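# A closer look at the structure
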Amino acid sequence: FTVKPLTSNDKQLLIGRKEVISKIVGWCKHRSARMILLIGNRGVGRTSLLNILGSEANKHFQFNIFPTQEPMKRLLEELYITVVSDFEVPRMASQLQDNLVRALPETGRLPLLSFDYPNISGSDIADVFKQISQIIRSLDAISIIALTPAQLAIWPQELIDEFDEEIKINSFNNKEIHEMIAKRVNSV
């Protein structure tokens, strides 16, 4: 079987994360916008969890390629183009923010914005989110930033404090490993 992250079509293969999914899906259903740090070591299923959660949200906007040149500007442009579906990004931050807010649905489940950059240094990610966290906070969405513990260790406490929740994903125990292997083998 493959060890690649699960996709939204592989929901039945996910194990050991039902509580996290239930909590976040509840926020989506009840339109309780949040900014969340999803913390876990490489290989514990952060990306798989984000993919499965995306299928439960109104829409899933995934961001997983970190821009190397002008990362804050490029990430904001990517966010705008993806959410608003308009390639003419306003130069004024206030106009950009207003358009983003208007582009998100006002009813139904909240959309999910996920930011997952496992191969980028924590300081580079922190520098960008220090600058754009207020724009993300203004959006009626569940915004999840996936980080490894090493990436998070570099973040300043003031930035961590801007998030509503810090959800830690632990490594699988022996029972979960056996269950995961059995499910994946049975699927093929």
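Residues numbered from 1 in each chain as written. Predicted model: local features only at pLDDT ≥ 70, side-chain atom pairs only at ≥ 80, totals over all residues. Heavy atoms only, no water.

Moving on: a nonpolar patch on the surface. Taken together, the side chains of Ile177, Ile181 and Val185 define a hydrophobic patch exposed on the protein surface, amounting to about 210 Å² of accessible area. As for its position among the elements, Val185 is in helix α8 (residues 174-187). (Patch = residues over 30% accessible without salt bridge, like charges linked within 9 Å, V, L, I, M, F, W, Y side chains within 5 Å. Areas by Shrake-Rupley, 256 points an atom, 1.4 Å probe, with all protein chains shown as cover. Salt bridge = Lys/Arg side-chain N within 4 Å of Asp/Glu carboxyl O. Helix = DSSP H or I, 4+ residues; strand = E, 2+ residues; numbered from the N terminus.)

This part covers the pairing of strand β1 (residues 34-39). With five of its six residues buried, β1 lies for the most part within the structure. In the sheet, β1 pairs with strand β4 (residues 142-147) via six bridges, with the strands oriented parallel. Bridging from a neighbouring strand, Ile39 pairs with Leu147 of β4. The sheet contact formed by β1 and strand β5 (residues 165-168) spans four bridges and is parallel. Within the sheet, the bridge partner assigned to Ile36 lies in β5 and is Glu165. (Buried < 20%, exposed > 50% of the residue type's maximum accessible area, 1.4 Å probe, protein only. Pairing = 2+ DSSP bridges.)

Next up on the list: the pairing of strand β2 (residues 60-63). Taken residue by residue, a regular strand's side chains alternate between the two faces of the sheet. Going residue by residue along β2, you find Phe61 and Phe63 tucked away on one face and His60 and Gln62 left uncovered on the opposite face. Summarising the sheet, β2 and strand β3 (residues 112-116) pair through four bridges and their orientation is parallel. In the strand pairing of β3, Gln62 is matched with Ser114.

As a further point, take the packing of aromatic side chains. As enumerated under the stated definition, the model contains five aromatic pairs in all. Between Phe66 and Tyr117, the aromatic rings sit 5.1 Å apart at their centres with planes inclined by 75 degrees, giving edge-to-face as the arrangement. With Phe66 in the loop between β2 and α3 (71-84) and Tyr117 in the loop between β3 and α5 (122-137), this residue pair connects regions lying 51 residues apart in the sequence. Overall, Phe66 belongs to the buried group, its relative accessible area being 11%. Residue class for Tyr117 comes out buried when judged on its relative accessible area of 2%. Ring geometry for Trp155 versus Phe163: centroids 5.9 Å apart, planes at 50 degrees, classification tilted. Summarising the burial analysis for this pair, Trp155 and Phe163 share the class buried. A connected cluster of aromatic rings, assembled from ring pairs, spans Phe63, Phe115, Phe129, Trp155 and Phe163. (Phe/Tyr/Trp six-rings, centres within 6.5 Å; stacked < 30°, edge-to-face > 60°.)

What tends to happen in soluble globular proteins is that the nonpolar side chains get buried as a cluster. Leu37, Leu113, Phe115, Phe129 and Trp155 are the most contacted members of the largest nonpolar core, which has 33 residues in total. Every element with two or more residues in this core is listed here: β1, β2, α3, α4 (93-103), β3, α5, β4 and α7 (157-160). Take this core: its biggest share by element is seven residues, from α5. Not counting chain neighbours up to four residues away, the residues in contact with Phe129 comprise Leu75, Phe115, Tyr117, Ile136, Ile145, Trp155 and Leu159. Listed in part, the 24 residues of the second largest apolar core include Leu6, Ile24, Val25 and Trp27. (Core = buried A, V, L, I, M, F, W, Y, C linked by side-chain atoms within 4.5 Å. Contact = heavy atoms within 4.5 Å.)

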